[in-house]
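Fold and contact review
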Amino acid sequence: MSEPGPIVAVSPAREALRMFVRSPSAIFGICLLTMIVSIALLGPIMFVADPFDIAAAPLTRPGTSEAWLGTDQQGRDILTALIYGGRATLAVGATAACISVLIGITIGSLAGYFGSTIDDVLMRIAEFFQVLPALLFAMVVATLFKPTLTTVALAIGVVSWPSTARLARAEFLKLKELDYVAAEQVIGASRRRIIWGVILPNALPPLIVSATFAIGTAILFEASLSFLGLGDPNRMSWGLMIGSSRSYMLSAWWAVTFPGLMIFLTVLAVSLIGDGLNDALNPKLRERR
Amino acid sequence: MADVLLAVEGLAVEFTGRAGTARVLNGVDLTVRAGETLGIVGESGCGKSMTALSILRLVPSPPGRIAAGRVVFKGTDLLAAPEDHVRDIRGNRIAMIFQEPMTSLNPVFTVGNQIGEGLRRHLGLSADAARARSIDLLTAVGIPAPEQRIDEYPHQLSGGMRQRVMIAMAIACEPALLIADEPTTALDVTVQAQIFDLLREVQARRGMGLILITHDMGAIAEMADRVAVMYGGRVVEEGAVADVLDRPQHPYTRGLIACVPAIDLTADPPGDLLEIPGVVPSIWELQTGCPFAERCAEVMPMCRQEMPPAYTVADGHAVRCWQRTGAAQ
């Protein structure tokens, strides 16, 4: 038996956080995302303008005093649109990822825990959504209903949950056999408590990582829908900017490059964070460092 | 004689698989009185753990199914009781300790959190009261510096410590019956003795009934008041420990006792380790007659035809073997 001394209890979560902040790429991702999110949140407050207003002559080149990053074919200021568009893109991305992860975890957990018929039925539903061309389905949903930010987020969330569900199911299949789950049953825990209070916390690490990547996917999805003109036309978003200027791509590179760059940086930041989390939460990868 | 705490009567459990339906337990009868230790002994696959799980109605279903029998705990048949009622009994009136302390604790919660859970659930204690009780319990199971240990996670404890934590969890609500399923198999011999001392002490202090499941005849000799020898899903011999160990009636019991290695340095050459030839029959094999017949040195033609009935050798000492029944007739 070890010496009773001042032992500092290290929770698995704290240990993971320690690993996470050690990774330079993860820290870079966090900084980048913080910057982008603060621009999107604070920019419109400090810099009041209407992104749909005409600011200068159409297709003004970047570097002029009235439009630093130039204007698009309707004379709308690119910088203003970038600042305002970030809100819609990030909001849809985050909401869609939340919806997708919530549906995925719920369905995957129940399928994995109960198994047999429930598993079969839920996984066939998941497969149905997986074989469906996701973009096409989201387009149909977005066209059937009025394309607002909410319907777009719902459409993306509804098509992208099966991968999270499969992951949650696999974790549940593995974890439900472990002794501490049986031990929990033996002390009289209800089924609800075992699923959500005992198994889920142990299944979280890979799910957190997958949720992070889901945000990146959802942002790209939103951009694709807006590019195709199926986003909310009354809200400026990066996808909408690219979409509305796509015919001028060769003559006015700045109208598509800057929003494209923003999408790229956001997805990059989210992916770096996801990678960092994966390294920190996965004990097998942790040993490599 | 103390009151009967738990009576298992004619318990049968079936598993259905691709190959058909197999009887894992085939008419198990057991009784445990308050303050008494019943040892259940047998090789792996004899149905010891399945008996324990059936008592708590935790047989994985499907594929398992309790096909027949009663488990009467303090006058209530647990197999017929509603699920809510059984859940209130689990951990509160009947508790269980598992074989593997390394995997029986949830890695993402602190020790205190896990001990306190049963207290909050069954006794309705507040978080503070549960914490205070948990510290008392950790002290009771002999964990040093419990005020610090309570905030630790399972991976920071050794195997012996974890088993102590499991025992603390199990006795938290002062259960009337504790089922210990090979509680020391995964531990060092020295730690094993400590855990047995602890179990005995807890039992004496609280007057608990204890079911000790093991494959170790030495543990039975040390701990149990009565012993049930299981083979092929049946209790083949049952009686007071002194009777069964001194005058084993069933060839299987005698085999198990002979297999305990003795420390004898004077023997030259060292004595051979004994074994019972053959293996436990697969549950999928259709059985008629005595399940031990294939491995028995004293097998008679009759053994392969019909399962022998229970035959009382002496007061409280019963055996299921045609050799004994036949000798009496």
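Everything numeric here is computed off the predicted structure, so don't read it as measured data. (Residues numbered from 1 in each chain as written. Chains lettered and ligands numbered in written order. Predicted model: local features only at pLDDT ≥ 70, side-chain atom pairs only at ≥ 80, totals over all residues.)

**A word on the overall build of chain A**
How we decide: Runs of E in the DSSP output that reach at least two residues are strands. Runs of H or I that reach at least four are helices, and both are numbered from the N terminus. Partly exposed residues are those whose C-beta has more than 12 but fewer than 20 other C-beta atoms within 10 Å; with 20 or more the residue is buried, with 12 or fewer it is exposed, and the C-beta atoms are placed from the backbone. Contacts here follow a simple rule: the backbone-placed C-beta atoms of the two residues must lie within 7 Å.
Along chain A, the regular secondary structure elements total twelve helices and zero strands. When the helices and strands of chain A are read in sequence order from the N terminus, they spell out α-α-α-α-α-α-α-α-α-α-α-α. Along the first, second and third principal axes, the C-alpha atoms of chain A reach 75 × 50 × 30 Å. Counting all 289 residues of chain A, 45% fall into the buried class. Here the analysis covers contacts within chain A between residues at least 6 apart in sequence; of these, 69% occur between residues at least 24 apart.

**Notes on the overall build of chain B**
Note the threshold: C-alpha atoms define the radius of gyration, and 2.2 Å times the number of residues to the power 0.38 defines the globule rule.
Of regular secondary structure, chain B possesses eleven helices and twelve strands. Computed over C-alpha atoms, the radius of gyration of chain B comes to 21 Å, within 12% of the 20 Å expected from 2.2 N^0.38 for 329 residues, which places it in the range of a compact globule. Dimensions along the principal axes, computed over C-alpha positions, put chain B at roughly 65 × 55 × 45 Å. Counting all 329 residues of chain B, 46% fall into the buried class. Restricting the contact set of chain B to residue pairs at least 6 apart, pairs at least 24 apart contribute 63%.

**What about the sheet that holds strand 9 (residues 226-231) of chain B?**
All names here are of chain B. Counted only if it meets this: In this analysis, strands are considered paired if DSSP registers two or more bridges between them. For helices, the fitted axis covers only the stretch in contact; all axes are lines through C-alpha atoms, and the angles between them, taken along N-to-C directions, range from 0 to 180 degrees.
Strand order in the open sheet made by the eight strands is 6-7-8-3-9-10-12-11, with mixed pairing throughout. Strands with a single pairing partner mark the edges of an open sheet, and in this sheet they are strand 6 (94-97) and strand 11 (311-314). For this sheet, the mean angle separating the axes of adjacent strands, direction not counted, is 20 degrees. Pairing analysis gives five bridges linking strand 3 (residues 37-41) to strand 8 (residues 209-214), with the strands arranged parallel. Residue pairing in the sheet places L38 in a bridge with I211 of strand 8. Helix 10 (residues 251-258) contacts strand 3, strand 9 and strand 10 (234-240) of the sheet and is inclined by roughly 105 degrees relative to strand 9.

**Some points on the packing of helix 1 (residues 12-22) of chain A against helix 11 (residues 253-281) of chain A**
All names here are of chain A. The condition is simple: Roughly parallel refers to an angle under 35 degrees, roughly antiparallel to one over 145, roughly perpendicular to one between 65 and 115, and oblique to any angle outside these ranges. Two helices crossing with the near one rotated counterclockwise from the far one by less than a right angle form a left-handed crossing, whereas a clockwise rotation gives a right-handed crossing. All amino acids are sorted into three groups, where Ala, Val, Leu, Ile, Met, Phe, Trp, Tyr, Cys and Pro are nonpolar, Asp, Glu, Lys and Arg are charged, and the leftover types, Gly among them, are polar.
The contact between helix 1 and helix 11 brings their axes to 8 Å, and the two run at 135 degrees. Viewed along their axes, helix 1 and helix 11 adopt a mutual orientation that is oblique. Along this stretch, helix 1 crosses helix 11, giving a crossing that reads as right-handed. Between helix 1 and helix 11, the contacting residues are A16, M19 and F20 on the first element and G276, L277, D279, A280 and L281 on the second. Across the contact of helix 1 with helix 11, the residue classes tally to six nonpolar, one polar and one charged.

**Details of the interface of chain B and chain A**
Contacts between the two partners involve 30 residues from chain B and, on the opposite side, 20 residues from chain A. Listing elements by their share of the side of chain B that touches chain A, those giving two or more residues are helix 2 (83-89), strand 6 and helix 3 (111-123) of chain B. The dominant element in the side of chain B that touches chain A, judged by the number of residues it contributes, is helix 3 of chain B, at four residues. Split into classes, the residues belonging to the side of chain B that touches chain A amount to 13 nonpolar, nine polar and eight charged.

**Thoughts on the nonpolar core**
Under the convention used in this document: By convention in this section, buried Ala, Val, Leu, Ile, Met, Phe, Trp, Tyr and Cys residues joined through C-beta atoms within 7 Å make up a nonpolar core.
Formed by 167 residues in total, the largest nonpolar core has its most connected members in A168 and I211 of chain B. Here this core gets 16 residues from one element, more than from any other, and that element is helix 9 (residues 191-227) of chain A. In this structure, I211 of chain B is in contact with V32, L38, I40, A52, I179 and A180 of chain B, ignoring residues within four places of it in sequence.

**What to know about the environment of V256 of chain A**
Mapped onto the fold, V256 of chain A is located in helix 11. As a C-alpha pair, V256 of chain A and G239 of chain A span 17 residues in sequence and 9.3 Å in three-dimensional space.

**Description of unusual backbone geometry**
Leave glycine aside and you will find that most residues have negative phi; peptide bonds, for their part, are mostly trans. Residues and elements named next belong to chain B. Positive phi, close to 55 degrees, is recorded for R57, a residue that is not glycine. Looking at where R57 falls in the secondary structure, it is placed in the loop between helix 1 (48-55) and strand 4 (64-73). What makes R57 partly exposed here is the crowd of 18 C-beta atoms within 10 Å. One non-glycine residue with positive phi stands out, namely A145, at about 50 degrees. Positionally, A145 belongs in the loop between helix 4 (127-140) and helix 5 (146-149). Under the C-beta neighbour-count criterion, A145 is labelled partly exposed, with 16 such atoms within 10 Å.

**Topic: the sheet that holds strand 5 (residues 76-77) of chain B**
Residue and element names in this part refer to chain B. One open sheet accounts for four strands, arranged 2-1-4-5; its pairing is antiparallel. Every interior strand has two partners, whereas the edge strands, strand 2 (20-33) and strand 5, have only one. Bridge count for strand 4 against strand 5 is two bridges, and the pairing is antiparallel. Each bridged residue has a counterpart across the sheet, and for V72 the counterpart in strand 5 is D77. Most of the contacts of helix 1 go to strand 1 (residues 4-17), to which it runs at about 110 degrees, and overall it touches strand 1, strand 2 and strand 4.

**A look at helix 6 (residues 159-171) of chain B**
Residues and elements named next belong to chain B. What counts here: One less than the residue count of a helix, multiplied by 1.5 Å, gives the span that helix is expected to have.
Along its 13 residues, helix 6 runs 18 Å from first to last C-alpha, staying within 8% of the 18 Å computed at 1.5 Å per residue. With twelve of its 13 residues buried, helix 6 lies for the most part within the structure. Along helix 6, the positions that sit buried rather than exposed are G160, M161, R162, Q163, R164, V165, M166, I167, A168, M169, A170 and I171. As for helix 6, its buried residues are in contact with strand 6, helix 3, helix 4, strand 7 (177-181) and helix 7 (189-206).

**Observations concerning the pairing of strand 3 of chain B**
Residues and elements named next belong to chain B. Across the five residues that make up strand 3, a large majority, five, are buried. Judged by which residues are buried, strand 3 turns out to be covered on both faces: T37, G39 and V41 on one side and L38 and I40 on the other are all buried. Where strand 3 meets strand 9, four bridges bridge the pair, whose relative direction is parallel. Residue pairing in the sheet places L38 in a bridge with R226 of strand 9.

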